[in-house]
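A structural walkthrough
Residues per chain, in single letters:
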Protein chains: 2
Amino acid sequence: MIAQHLAVVGLGLIGGSVARAARAAGIAGQITGFDVDARQREQALELGVVDAAPDTVGPAVTGADLVVLAVPVLETGLALDTLRGALAPDAVLTDVGSTKSSVIAIVKHTFRELPPNFVPAHPIAGTEKTGVAASDAGLFRNRHVIITPHEQMSPAAAARVEALWEAFGATVERMTPEHHDEIFAATSHLPHVLSFTLVDMLARMSSSAELFNYAAGGFRDFTRIAGSSPKMWHDIVRANRSALVPLIDRYMVSLKQMRHAIATDDPIHVLEVFTRARNAREHYEADQQRRSAASEDGTGGGAA
Amino acid sequence: MIAQHLAVVGLGLIGGSVARAARAAGIAGQITGFDVDARQREQALELGVVDAAPDTVGPAVTGADLVVLAVPVLETGLALDTLRGALAPDAVLTDVGSTKSSVIAIVKHTFRELPPNFVPAHPIAGTEKTGVAASDAGLFRNRHVIITPHEQMSPAAAARVEALWEAFGATVERMTPEHHDEIFAATSHLPHVLSFTLVDMLARMSSSAELFNYAAGGFRDFTRIAGSSPKMWHDIVRANRSALVPLIDRYMVSLKQMRHAIATDDPIHVLEVFTRARNAREHYEADQQRRSAASEDGTGGGAA
């Protein structure tokens, strides 16, 4: 039993999946949840994702010894303001936010100093689907979870959060919040910005209905992430703008070079970029397939 | 029987799939093929994709009444130069190129004028995989094939090419080459450029191994098209540069606005773009799912 009473604040895809995974792993006595959206609370109850989902956050976290915050990152401050009065002094508080420096800053601002029992974490899992109905007990299996320690963090609190994610089948690693934010700006936040921007541009063109009618499988894959929650991603890009903006700039330089090569019919640059990209993508794909084969073997996967 | 003797020039993913589909549909007497790559020819023979795969293109097309060109678009001229001496005067010649204005111009240049038996076509199908080993008789089922007529095109030749694609389970539509090239610049060529450019940029970063290690499912989908054939896509973006470059410019304007909104912490623009994109993507996804449900029902799918 990792938690006598687990409270999940934010019953979306990730929060719902945390509750379901905790139930499936049998690591929590009682599981309560809260969401500002009454429909999510009702669905979470109907689906048996949580044992109780009170109308306000206070009763949901009262008595909990482990509280998982799973709200859009810029809602962290508001969520903490409303729940901190009900938080037990020795409860472990953790989060699932995709940006870490900003969440740590918000927590520090709310509590004046960083509570030793606060463990900043980010499970690298998710789909473009949203809401508790899409949640899945297996979402974190063979995934990475990154903990970004702060100086005040209690080793005992961190160990409990690690145990939680390991019970869900994930591999836990540690890095600094700044390093985390740079990595995910590059491989997650930037691709989301590029995909949302493309789909919006096409949707605003007068021929958009026809364009989408002929769009094939490659387009469907490329734009899948543009089906993700606008509010969640709005929060992420704003919260991580200091890491993201330099990468957008770097991308614009690369795209401008590519545009110039295409416009001036320079075959060398185009073929070089495409070939390097294809090679890197094949290497990555082979690695992904090795991992999923390893996970099907039950030998674990994840980063060695 | 649509062809007594079908010849496929270029035994890659698309050419191989044309040969396999023709065999499966029983619409060709004999099927011969040619590829400049000896390995592709050997594999095509071993896999039974073609009945014969001579070392040179002449014997492969000699006696054929239907010739399908399935080479990278900028190889069209070279392929035609080497095969035209062996082409029967009444043979129907068609292609599968992703760019139509350029292919039509190359054919015109090769033959001095556009042959009435030349039918420019583009099946909207494919995957990021390459080579005859990845070819699939079902690749064109419930897909669009676009024919872009030219003024000299013979109705009888067009009817045979239409019959070919319909026998493979595809829906055939017609539009002008210019309109075709604009549509696919937006929904196919631009996304490929954006994806190749991103993967190359990340691959050139000093932290690239770590970046790819943590890249999750969203990244995998977004970059799947960057695993496509560099040569094929190099040809496409060069051949369609007059339609593509203005769209890259338009995208750079949109991305610059997004960059500005993120950098200046303007929540309205970011949330508006993401929300419009998500709504358009959901609409598109629902449409795709309706089509694939219809195709599983055997009621056909495709654009109504």
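As the structure is a computational prediction, the values presented were derived from the model and not from experiment.

A separate point is the overall build of chain A. Looking only at helices and strands, chain A features twelve helices and eight strands. Taking 2.2 N^0.38 as the reference for a compact globule, 304 residues should give roughly 19 Å; the C-alpha atoms of chain A span a radius of gyration of 21 Å, in line with that estimate. Overall size of chain A, expressed as C-alpha extent along the three principal axes, is 65 × 45 × 40 Å. Considering only contacts in chain A between residues 6 or more positions apart, those separated by 24 or more positions represent 77%.

This part takes up the domain arrangement of chain A. Residues and elements named next belong to chain A. Domain assignment breaks chain A into domain 1 (3-175) and domain 2 (179-265). The C-alpha-based centres of domain 1 and domain 2 are spaced at 29 Å. The interface is formed by 14 residues belonging to domain 1 together with 17 residues belonging to domain 2. When grouped by side-chain class, the residues that make up the side of domain 1 that touches domain 2 number five nonpolar, seven polar and two charged.

A word on the packing of helix H7 (residues 177-203) of chain A against helix H11 (residues 241-263) of chain A. All names here are of chain A. Remark: H7 packs on H11, axes separated minimally by 9 Å, with the N-to-C direction vectors making an angle of 60 degrees. Relative to H11, H7 is oriented oblique. Of the two possible hands of crossing, H7 and H11 adopt the one that is right-handed. Residues Asp181, Glu182, Ala185, Ala186, His189, Leu190 and Val193 of H7 form the contact with H11, whose participating residues are Ala243, Leu244, Leu247, Ile248 and Tyr251. Among the residues making up the contact of H7 with H11, the classes are represented as nine nonpolar, one polar and two charged.

Next up on the list: the interface of chain B and chain A. Facing the 74 residues of chain B at the interface are 74 residues of chain A. Contributing elements (two or more residues each) for the side of chain B that touches chain A: helix H7 (177-203), helix H8 (208-214), helix H9 (217-222), helix H10 (230-239), helix H11 (241-263) and helix H12 (267-296) of chain B. In terms of residue count, the dominant contributor to the side of chain B that touches chain A is H7(B) (16 residues). Its residues placed into classes, the side of chain B that touches chain A shows 43 nonpolar, 16 polar and 15 charged.

We now examine the sheet that holds strand S4 (residues 92-95) of chain A. Residues and elements named next belong to chain A. Pairing is parallel in the open sheet, where five strands are placed in the order S2-S1-S3-S4-S5. In the strand order of this sheet, the two ends are held by strand S2 (28-34) and strand S5 (118-119), each with one partner. Relative to S4, strand S3 (residues 66-69) is paired through four bridges, and the arrangement is parallel. Among the inter-strand pairings, valine 67 is bridged to a residue of S4, identified as leucine 93. Together, strand S1 (3-9), S2 and S3 form the strand contacts of helix H1 (residues 13-25), whose direction differs from that of S2 by roughly 165 degrees. Docked against the sheet, helix H6 (residues 155-167) engages S3, S4 and S5, running at close to 55 degrees with respect to S4.

Okay, helix H5 (residues 101-111) of chain B next. Residue and element names in this part refer to chain B. Among all positions in H5, only Ser101, Ser102, Val103, Ile104, Ile106 and Val107 are buried. Next to the buried residues of H5 lie helix H4 (76-83), strand S4 (92-95), strand S5 (118-119), H7 and H10. At the C-terminal side of H5, arginine 112 shows a positive phi close to 70 degrees.

Here the focus is the relation of the copies chain B and chain A. Once chain B is rotated about the relating axis by 180 degrees and shifted along it by 0.0 Å, it coincides with chain A to within an RMSD of 0.0 Å. Considering both components of the superposition, the chain copies are consistent with a two-fold axis. Taking C-alpha positions as reference, the residue of chain B nearest the rotation axis is Phe222(B), located at 2.0 Å. A share of 100% of interface residues in chain B that are also interface residues in chain A marks the association as one of identical surfaces.

Before going further, it helps to examine the environment of Arg250(B). Mapped onto the secondary structure, Arg250(B) falls in helix H11. Separated by 169 residues in sequence, Arg250(B) and Asp81(B) have C-alpha atoms that sit 38 Å apart.

Before going further, it helps to examine H11(B). Residues and elements named next belong to chain B. The end-to-end C-alpha distance of H11, which contains 23 residues, comes to 31 Å, matching closely the 33 Å that a straight helix rising 1.5 Å per residue would cover. The complete set of buried residues in H11 reads Arg241, Ala243, Leu244, Leu247, Ile248, Tyr251, Leu255, Met258, Arg259, Ala261 and Ile262. One or two residues past the end of H11 sits aspartate 265, with phi positive at roughly 55 degrees.

So, about the pairing of strand S8 (residues 171-174) of chain B. All names here are of chain B. With four bridges connecting them, strand S7 (residues 144-147) and S8 associate as parallel partners. Note on S8: the bridge partner recorded for isoleucine 146 is glutamate 173. In the classification by handedness, the crossover that spans S7, the intervening helix H6 (residues 155-167) and the parallel S8 is right-handed.

Residues apart from glycine generally show negative phi values, whereas peptide bonds are mostly found in trans. We note that Arg112(A) has phi near 70 degrees; this positive angle belongs to a residue other than glycine. Unlike most non-glycine residues, Asp265(B) shows phi in positive territory, near 55 degrees. With respect to the helices, strands and loops of the structure, Asp265(B) is situated in the loop between H11 and H12. Of the residues examined, Asp265(B) has 10 C-beta atoms within 10 Å and is grouped as exposed.

What follows is about the pairing of S4(B). Residues and elements named next belong to chain B. The alternating pattern of S4 places Val92 and Thr94 and Leu93 and Asp95 on opposite faces, both of which are buried. Regarding topology, H4 serves as the crossover connection from strand S3 (residues 66-69) to the parallel S4, and that connection is right-handed. Handedness of the β-α-β unit built from S4, H5 and S5 comes out right-handed.

Here we take up the sheet that holds S4(B). Residue and element names in this part refer to chain B. Strand order in the open sheet made by the five strands is S2-S1-S3-S4-S5, with parallel pairing throughout. The strands lining the two open edges of the sheet, one partner per strand, are strand S2 (28-34) and S5. Relative to S3, strand S1 (residues 3-9) is paired through four bridges, and the arrangement is parallel. Its bridge partner being in S3, alanine 7 is matched across the sheet by valine 67.

Parameters at a glance
Residues numbered from 1 in each chain as written. Chains lettered and ligands numbered in written order. Predicted model: local features only at pLDDT ≥ 70, side-chain atom pairs only at ≥ 80, totals over all residues. Helix = DSSP H or I, 4+ residues; strand = E, 2+ residues; numbered from the N terminus. Rg over C-alpha atoms; globule rule 2.2 N^0.38 Å. Contact = placed C-beta atoms within 7 Å. Domains from an automatic or database assignment. Nonpolar A, V, L, I, M, F, W, Y, C, P; charged D, E, K, R; others polar. Axes fitted to C-alpha atoms, helices over the stretch in contact; angles between N-to-C directions. Parallel < 35°, antiparallel > 145°, perpendicular 65-115°, else oblique. Left-handed = near helix turned anticlockwise from the far one by under 90°. Pairing = 2+ DSSP bridges. Buried ≥ 20, exposed ≤ 12 C-beta atoms within 10 Å, placed from the backbone. Least-squares fit on C-alpha atoms with pLDDT ≥ 70 in both. Expected span 1.5 Å × (residues − 1). Right-handed = clockwise from strand over helix to strand, strands pointing away.

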